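# Geometric and topological summary
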Amino acid sequence: MYKMMTPGPTMVADSVMQARSRKFGNPDVDGDFCEEYHQVCRSLAELLHTDNEVYILGGEGILALEAACASLTEPGDKVLVIDNGIFGKGFADFVTIYGGCPELYTVDYHKPVEVDELRRFLEKHHDYKYATVVHCDTPSGVLNDIRSICPLLKEYGILTVVDSVAAMFGEEVRVDDWEIDVICGGSQKALSAPPGLAFVTVSEAAMQAMEQRKQPIASFYCNLLTFKNYYRDKWFPYTMPISDIYGLAEAVRLVREDKNRIERHQRIAAAVRETMKKAGLSLYLEYGDAATVTVIRVPSGIRDTEIIETMKEKYGILISGSFDVLAGKVIRLGHMGNNAKVEDVADMLSALTKTLNELGFVCQCEMGHMFQSQYSTQE
Ligand SMILES: *Cc1c(COP(=O)(O)O)cnc(C)c1O
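Residues numbered from 1 in each chain as written. Predicted model: local features only at pLDDT ≥ 70, side-chain atom pairs only at ≥ 80, totals over all residues. Heavy atoms only, no water.

## Thoughts on the pairing of strand β3 (residues 78-83)
Taken across its six residues, β3 has five buried, putting it largely inside the fold. Judged from the six bridges that link them, β3 and strand β4 (residues 101-106) form a sheet pairing that is parallel. Bridged to Val 79 within β4 is Pro 102. The β-α-β motif built from β3, the intervening helix α4 (residues 86-97) and the parallel element β4 has right-handed crossover chirality. Of the pairings in the sheet, the one linking β3 to strand β5 (residues 130-134) comprises three bridges and is parallel in character. Residue pairing across strands places Val 81 opposite Thr 132, the latter belonging to β5. (Buried < 20%, exposed > 50% of the residue type's maximum accessible area, 1.4 Å probe, protein only. Helix = DSSP H or I, 4+ residues; strand = E, 2+ residues; numbered from the N terminus. Pairing = 2+ DSSP bridges. Right-handed = clockwise from strand over helix to strand, strands pointing away.)

In structure tokens, the structure reads:
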């Protein structure tokens, strides 16, 4: 099996795989499972620095995004969709599906949202029920400053929905301090469990907005209100994927134990970027890369698929291309969660050096070694 150095799914620890194979009981009937589920939710809340409710949903990360929009959007609601990347723009579809009116705030895809520009926009336009923003927009790797953006939106009484699927646990997240009403996460990115689970935190204000709707939520599976009293009533809206949740519990435990996690992600990402420049490669973004992924332009004369295929077939390391407007233009190197390890990143970069050299792009350094020396000189 190849090493999976993609920006999600990431490599999963053996203990997580073992936890998933635990014998299981009936999650609908057995109160002990409800207790365990609740504990995992409390651990996630602690890691995300929030007193808000956390719900784990049985579905991949996208479910969290759709559930947030389904639960908040009433027909005719105006929603501000902050768009400086493919996932950012994608929120408009969810808003539309549930009858809302998305208004795109579209800015340059090569850098983070400029908070001062957004402030000037909001001075004139602020009649929105909620706004959506992506923390790390993975196809380009851009990291938005949700710490400034969310409190700014709240100044205008706009509820905040954040997609942090590809950032949380690799980047700092403080839900309560940053006034995030709903934040979306997934199992397969920096948490390093297999794909299959999503989770959300829901603030009092967001809960109220859902409860005070005039029209019912136009979904059952995406209706976050169905989870509201699960703990009191020891009842879930549908049978929980218990084995996935056992795996998630172990992945959360590993993240909690990993004390210098955020700092290590930052250091690895900085060293990868410096290495790319030294090798003569060019980063997609002008600035503002997330610590979880590095996105570089495909050198001219080479195809992204040739790089990815050679890396996989010859060197046993899977990296990723991109999609939508970025298809064929960039390749993406994941260094989040379990993949944020110096040896694994160095191996990936050594293989990338050989691959590019074989395909006719001469790297100006051996990137594995350069990365290691960049990483250690940061100390
Ligand atoms: C991975 C990811 C998701 C989840 O969706 P996928 O189906 O795995 O693509 C949502 N948002 C972002 C920003 C992601 O990177």
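## Observations regarding the state of the cysteines
The full count for this structure, using the stated rule, is zero disulfides. In this structure Cys 184 is not part of a disulfide, and its nearest cysteine sulfur, from Cys 69, lies 7.7 Å away. Cys 222 takes part in no disulfide bond, and the closest cysteine sulfur, belonging to Cys 69, lies 9.4 Å away. (Disulfide = S-S within 2.5 Å.)

## Some points on the packing of aromatic side chains
Within the structure shown, the criterion is met by 15 aromatic pairs. When the centroid spacing of 6.2 Å and the interplanar angle of 80° are considered together, the rings of Tyr 55 and Tyr 230 count as edge-to-face. Residue Tyr 55 is located in strand β2 (residues 53-57), and its partner Tyr 230 is located in helix α8 (residues 230-233); the two are separated by 175 residues in the primary sequence. On the basis of relative accessibility, which here comes to 0%, the residue Tyr 55 falls in the buried class. Ring centres of Phe 169 and Phe 199 lie 6.4 Å apart, and the angle between their planes is 45°; on these two criteria the pair is classed as tilted. Taken together, the residues span a long stretch of sequence, with Phe 169 in the loop between β8 (159-163) and β9 (182-186) and Phe 199 in strand β10 (residues 198-202) at a distance of 30 residues. The residues Phe 169 and Phe 199 share a single accessibility class, namely buried. (Phe/Tyr/Trp six-rings, centres within 6.5 Å; stacked < 30°, edge-to-face > 60°.)

## Considerations on the packing of helix α5 (residues 115-124) against helix α6 (residues 146-155)
Put simply, α5 and α6 touch, their axes get as near as 10 Å, and they point 10° apart. The angle between α5 and α6 places the two elements in the roughly parallel class. Residues Val 115, Leu 118, Arg 119 and Leu 122 of α5 touch α6, and the partners they reach there are Ser 148, Ile 149, Leu 152 and Leu 153. A class-by-class count of the residues in the contact of α5 with α6 yields six nonpolar, one polar and one charged. (Axes fitted to C-alpha atoms, helices over the stretch in contact; angles between N-to-C directions. Parallel < 35°, antiparallel > 145°, perpendicular 65-115°, else oblique. Contact = heavy atoms within 4.5 Å. Nonpolar A, V, L, I, M, F, W, Y, C, P; charged D, E, K, R; others polar.)

## Here's the deal with the pattern of salt bridges
Side-chain pairs of opposite charge can arise whenever the charged atoms involved come near each other. By the definition in use, this model includes 22 salt bridges. Linking Arg 20 and Asp 244 is a salt bridge whose minimum nitrogen-to-oxygen distance equals 2.7 Å. Of this pair, Arg 20 sits in helix α1 (residues 14-20) while Asp 244 sits in helix α9 (residues 242-257), and the two are 224 residues apart along the sequence. By relative accessible area, Arg 20 is classed as partly exposed at 26%. Glu 274 is the partner of Lys 278 in a salt bridge, and the nearest nitrogen-oxygen pair spans 3.5 Å. Of this pair, Lys 278 and Glu 274 both sit in helix α10 (residues 261-279), four residues apart, which is roughly one turn of that helix. In this structure Lys 278 comes out as partly exposed when scored by relative accessible area, which is 38%. One salt-bridge network, held together by shared partners, links Lys 3, Asp 344 and Asp 347. (Salt bridge = Lys/Arg side-chain N within 4 Å of Asp/Glu carboxyl O.)

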